[in-house]
Amino acid sequence: MPLDLANIEPSNSAILIVDVQNNLVITPINALLKLPFAIKIATQDYHPANHISFARNHEGKKEFDQIVIFPPAELVAGRTLEDERSLEGLEQVLWPVHCVQDTFGVAFVDGLEHEGLEVVRKGCDVGIECYSAFEDPWGLTNTGLKDKLRNKEISNVFVVGIAGDYCVKSTALDAKEYGFRTFVIRDAVRSVSDNGLEWIEMDKAGVEIIDTAEELLTSRVLSQ
């Protein structure tokens, strides 16, 4: 079914560039950044060196092994019993060390036209993985992104970046849940896996998929 972009205007639209730190998809993203979005936001993974997601911080574990992690007790304190029903353990992929605070690894990739972008950092807490640009999966910490978008009266969110099956997907699903009309631009995204399941999951949740940046660039809806 063709996308209905008739009500998309620059004044109520934002682009979220997820974790483009030393990676791919620069050309379509730079092209999209030339459009007059009301706000342009880039996220950064910003992990402490002892972050829970790094394989090297778990004795006997290898990169891409999986463990179960639980919410840090100090962040759970004070929540009601009703809240705690959603605080179960979650499966966690153990990653190579990446995007460590105050190192070159957190920098945006060379070539990304990031001047003037607002920056949102995530994954800053030692004991919490945060794929979404909005908040961690338990809702214990948030980045302030939701309020930033609402304060700008944003209705439409366009998501691009890395990685499609983790941070892009989680960001898009949260954006949809928070009431934003949410689009993901396929050729401005790269995933870890090539099985494509993330696109099925996002589509089922009501996230709208645009196949190419060129479709948006030539639609003229954001060129007003």
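Structural data are supplied above this passage.
Starting from 1, residues in each chain are numbered consecutively following that chain's sequence as written. The predicted nature of this model means local features are confined to residues of pLDDT at least 70 and side-chain atom pairs, given and counted, to a pLDDT of 80 or more, with totals for whole chains, interfaces and linings taken over all residues. The basis for every side-chain value is the complete set of non-hydrogen atoms in the structure, without hydrogens or water.

A. Broad picture of the overall build of the protein. By definition, any uninterrupted DSSP run of H or I lasting at least four residues is a helix, any uninterrupted run of E lasting at least two residues is a strand, and each is numbered from the N terminus. Across its full length, the protein holds seven helices and eight strands. When we talk radius of gyration, it's over C-alpha atoms, and the globule rule is simply 2.2 Å times the number of residues to the 0.38. Taken over the C-alpha trace, the protein has a radius of gyration of 18 Å; the compact-globule value for 224 residues is 17 Å, and the two agree within 12%. Overall, the C-alpha framework of the protein stretches about 55 × 40 × 35 Å when taken along its three principal axes. Across the 224 residues that make up the protein, the buried fraction comes to 48%. Accessible areas in this description were obtained via Shrake-Rupley with a 1.4 Å probe; residue shielding takes into account the shown protein chains only. Total accessible area on the protein is roughly 11,200 Å²; 49% of this is exposed by carbon and sulfur atoms. Here the protein contributes 20 positive and 36 negative side-chain charges, whose respective centroids are spaced 3 Å apart. Relative accessibility decides the category of a residue: with a 1.4 Å probe and only protein chains considered, values under 20% of the type maximum give buried, values over 50% give exposed, and everything between is partly exposed. Counted charges follow a simple rule, with Lys and Arg positive, Asp and Glu negative, and His plus the chain ends left uncounted. Where a charge lies is defined by one atom per residue type: Lys uses NZ, Arg uses CZ, Asp uses CG and Glu uses CD.

B. Spatial organisation of the pattern of salt bridges. Salt bridges are defined as contacts in which a side-chain nitrogen from Lys or Arg sits within 4 Å of a carboxyl oxygen from Asp or Glu. Counted by the stated rule, this structure contains eight salt bridges. The residue Asp19 makes a salt bridge to Lys122 at a minimum N-O spacing of 2.8 Å. Of this pair, Asp19 sits in the loop between strand 1 (13–18) and helix 1 (26–33) while Lys122 is found in strand 5 (residues 118–122), placing the two residues 103 residues apart along the sequence. Exposure remark for Asp19: the relative accessible area of 6% places this residue in the buried category. The exposure class of Lys122 is buried, given its relative accessible area of 1%. Residue Asp211 is joined to Arg186 by a salt bridge in which the shortest nitrogen-to-oxygen separation is 3.2 Å. Placement of Asp211 in the loop between strand 8 (208–210) and helix 7 (213–219) and of Arg186 in strand 7 (residues 181–190) is noted, with a sequence separation of 25 residues between them.

C. Local environment of the packing of helix 5 (residues 164–177) against helix 6 (residues 197–204). Axis definition: a line fitted to C-alpha atoms, over the contacting stretch in the case of helices. Angles run 0 to 180 degrees between N-to-C directions. At their nearest, the axes of helix 5 and helix 6 sit 10 Å apart, and the two run at 5 degrees to each other. Here helix 5 lies roughly parallel to helix 6, going by the angle between them. Residue-level contacts link Gly164, Asp165, Lys169, Ala172 and Leu173 of helix 5 to Glu198, Glu201 and Met202 of helix 6. Looking at the contact of helix 5 with helix 6 residue by residue, the classes come out as three nonpolar, one polar and four charged. Angles below 35 degrees are treated as roughly parallel, those above 145 as roughly antiparallel, those between 65 and 115 as roughly perpendicular, and all remaining angles as oblique. By the convention used here, residues are in contact when the closest approach between their heavy atoms is within 4.5 Å. In the scheme used here, Gly and all other residues not listed as nonpolar or charged are polar, with Ala, Val, Leu, Ile, Met, Phe, Trp, Tyr, Cys and Pro taken as nonpolar and Asp, Glu, Lys and Arg as charged.

D. View of the packing of aromatic side chains. Only the six-membered ring of Trp is used, alongside the rings of Phe and Tyr, when aromatic pairs are assigned; centres must lie within 6.5 Å, and planes under 30 degrees apart are stacked while those over 60 apart are edge-to-face, with the rest tilted. Under the defined criterion, the tally for this structure stands at seven aromatic pairs. Plain terms: the ring middles of Phe64 and Trp95 are 5.8 Å apart, the flat faces sit at 90 degrees to each other, and that makes the pair edge-to-face. Here the residue Phe64 occupies a position in the loop between strand 2 (39–45) and strand 3 (66–69), and Trp95 occupies one in the loop between strand 4 (90–93) and strand 5, the gap between them amounting to 31 residues. Seen from the ring of Tyr178, Lys146 lies directly overhead, with NZ or CZ sitting 4.3 Å from the centre. A positively charged side chain is recorded as over a ring if its NZ (Lys) or CZ (Arg) lies within 6 Å of the ring centre. The angle to the ring normal must also be within 35 degrees. In this structure, Arg186 is placed above the aromatic ring of Trp199, and the distance from its NZ or CZ to the ring centre is 4.4 Å.

E. Helix 6, seen in detail. All of the buried residues along helix 6 are Glu198, Trp199 and Met202. On an axial view of helix 6, the arc spanned by its buried residues comes to 100 degrees, and they lie on one face. Seen from the buried face of helix 6, the exposed residues on the opposite side, beyond 90 degrees, are Leu197, Asp203 and Lys204. Those residues of helix 6 hidden inside the fold are in contact with helix 5, strand 7 and strand 8. Taken from the helix axis, the directions to the C-beta atoms give the arc we talk about.

F. Region of the structure containing unusual backbone geometry. The omega angle of the peptide bond from Ile162 to Ala163 is -20 degrees, so this bond is cis rather than trans. One can find Ala163 in the loop between strand 6 (156–162) and helix 5. Its identity is not glycine, yet Asp19 carries a phi of approximately 55 degrees, on the positive side.

Geometric descriptors of this kind do not, in isolation, establish any biological role.
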